[in-house]
Each structure stands twice: as C-alpha cells, then as structure tokens.
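Summary of structural features
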Amino acid sequence: MRANSQMAGSSRNRNMWMAIRIIAAVVVTLVMFFPVYWLVISAFKTQAEMRMAVPTFWPESFMFDNFVQAFQVIPYARFFSNTLIMAVGTIILQLNVALMAAYAFAKGQFWGRDALFFLVLAALIVPEQVIFVPVYVMMSKLDWLNTFWALIVPHGASAYAIFLLRQAFKSINNDVLEAARVDGAGRFSILYKLLFPMAMPTIVTMGVLIFISSWNSYFWPLIMTNNNDMRVLTVGIAMLRDSIAGNEAMFFNVIMASSVMAIIPIVIVFTVMQKHIVAAMANSTFK
C-alpha cells in the first residue's frame, strides 16, 4: 500500500510539473507572438484608432486603404522587386559557393585543408560593419554602386553556410563517392547529382536562412545604394518613416501596413519549407 501511495504521489508530481511547463510554454508563446499580433491589427486600424489614449486590441473597422497608401507614398512595388532580386541572387550565389567549398573541405585531400577551414570559421567572428569600408571602395572602383552586383556579390560567400554544408557532407559515406567515381562521374557531377540531393534538407534550411537574412538586410543596401530605383524594402520603409518625421502618429497605420506586406514573403517561404527544415533538424548534421 505504501509503495502504491508513493507511486501515486510521484505520478501527481509529474502531472503537476507537466502542467506547469505547458502553462509556461503557452505564456512565453503569447508574449513572443504579441508584437506580431499588434503589428497586424495596427495595419488595419484607422488614424483615429491609432491616436486613442486607450489602445484597442481589435480594429473597429478594417482599413484596407492603409495598404494602398503604402504604394502611393513610396514606390513599394519597385522596392519589393529589388528586394526579391537581391534575395534570390544571394541565395543562388552563396549556396553554390558554399557547396563547392564545403565539398572541398569535407571530401577533398589537400595540404593545409584544416588550417584553411579554421580561417573560414574565424570569419564568423568578423562583423559586417568592420569590412564595409574596403568593400565599399572596391565596389566604387568597379563602378558597381547602385547596382545589384553591389548588393549580391559581397555576400557570395558565407562561413556559416560552408560550415553547415561541410558537416552534412562529412556524414555521407565515402564509399558512395568512390562508387560514383568508378562510374565515371566528375567532381561537379558528384557534387550536384549525388551530394546535393542527399543533403537537401540542410541546403533548403540554409537557403531559407539566407533568404531571411537578405530580405531583412538594412545596413548593406543603405550604404551601397543612394538611388530610389535601387532601394530595398527595409530602406524604403525607413524612408516612409523619415518622410513623416514629427507626424508619425498620423501615419503609423500606413507604416504598419508596409511592414506587414514586407514580412509576408518570409512567412510564406518558412511555411512552405518547414518540412525540409524539420528533416534537417531530425538528421542532426552536427552529430
């Protein structure tokens, strides 16, 4: 009887701690989600609602005209297309460079391989702001300022992407590569026809991370472009905010609407690619 009582008490304790963890997780989720919720509902509010002393947690009337005004105040469509081109171009260039470098570091045999990889990892601690001056001078001498080349090429190599893909390639048995070489496959055939499909979850995950980073980039496009025809969304929304400086309360709903439209592509990409991201986590390329 005493043993049964102890087991029942232990079971109640486990259930209690489980309930506490669930409640804590729900509270943390709500706290983290609330800014996004506030952004979305504010995008549909009227100017009068935005200026109310006591904020409302649901719009009294949905103002879809806020999204139309965003296109009227700034060339939103142009900024959107520039951002998309920059993000897609960065993904293509950075993934291809990372694939070839990761293949060399994971499966190649050459003198100084580990030392070179250590230098690549050392690049992770160097912030972008430290190197932007010499890169800016380089872009200026190449006459690439206010072009997509300046927005894409400097981000063509990523130490983080090389590291992740190297880990993924190292987990693939060398016997598979040897069999491909016996069949007459070259290095590029092995990389793109064999290793690429086998490491697809990691590649897709890396592509999503690159897309999000490029889409949210502000500092680099700001210093590399000064022509409105080459501006991206992050800089454009900042321009919208600065154009109404001192009168933000009158146009906060338009700023919120612009921000909502800016995050929609990220949500779509993450939702569509979620299956591959979960697969990459399950495969645990770091093991």
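Before any of the text, the structure's been laid out above.
Residues numbered from 1 in each chain as written. Predicted model: local features only at pLDDT ≥ 70, side-chain atom pairs only at ≥ 80, totals over all residues. Heavy atoms only, no water.

**Structural notes on a nonpolar patch on the surface**
Among the surface-exposed residues, Phe 33, Val 36, Val 40, Ile 263, Ile 264, Val 267, Ile 268 and Val 272 lie close enough to one another that they form a single nonpolar patch of about 650 Å² accessible area. If you tally residues by element for the nonpolar patch, the top one is helix α14 (residues 248-272), at five residues. (Patch = residues over 30% accessible without salt bridge, like charges linked within 9 Å, V, L, I, M, F, W, Y side chains within 5 Å. Areas by Shrake-Rupley, 256 points an atom, 1.4 Å probe, with all protein chains shown as cover. Salt bridge = Lys/Arg side-chain N within 4 Å of Asp/Glu carboxyl O. Helix = DSSP H or I, 4+ residues; strand = E, 2+ residues; numbered from the N terminus.)

**Comments concerning the pattern of salt bridges**
Applying the stated criterion across every chain, the model contains two salt bridges. Residues Arg 113 and Asp 114 are paired through a salt bridge, measuring 3.5 Å at the closest nitrogen-oxygen approach. Between Arg 181 and Glu 178 there is a salt bridge, and its shortest N-O distance comes to 2.9 Å. Pair noted here: Arg 181 and Glu 178 are both in helix α9 (residues 174-182), with a separation of three residues, about one helical turn. Relative accessible area serves as the criterion here: at 36%, Arg 181 is assigned to the partly exposed category. (Buried < 20%, exposed > 50% of the residue type's maximum accessible area, 1.4 Å probe, protein only.)

**Overview of the packing of helix α8 (residues 159-170) against helix α11 (residues 200-215)**
At a minimum axis separation of 10 Å, α8 and α11 run at an interaxial angle of 170°. As the angle between them shows, α8 and α11 are arranged roughly antiparallel. For the pair α8 and α11, contact is made by Tyr 160, Ala 161, Leu 164, Leu 165 and Ala 168 and by Thr 202, Ile 203, Met 206 and Leu 209, respectively. Of the residues contributing to the contact of α8 with α11, the split by class is eight nonpolar, one polar and no charged. (Axes fitted to C-alpha atoms, helices over the stretch in contact; angles between N-to-C directions. Parallel < 35°, antiparallel > 145°, perpendicular 65-115°, else oblique. Contact = heavy atoms within 4.5 Å. Nonpolar A, V, L, I, M, F, W, Y, C, P; charged D, E, K, R; others polar.)

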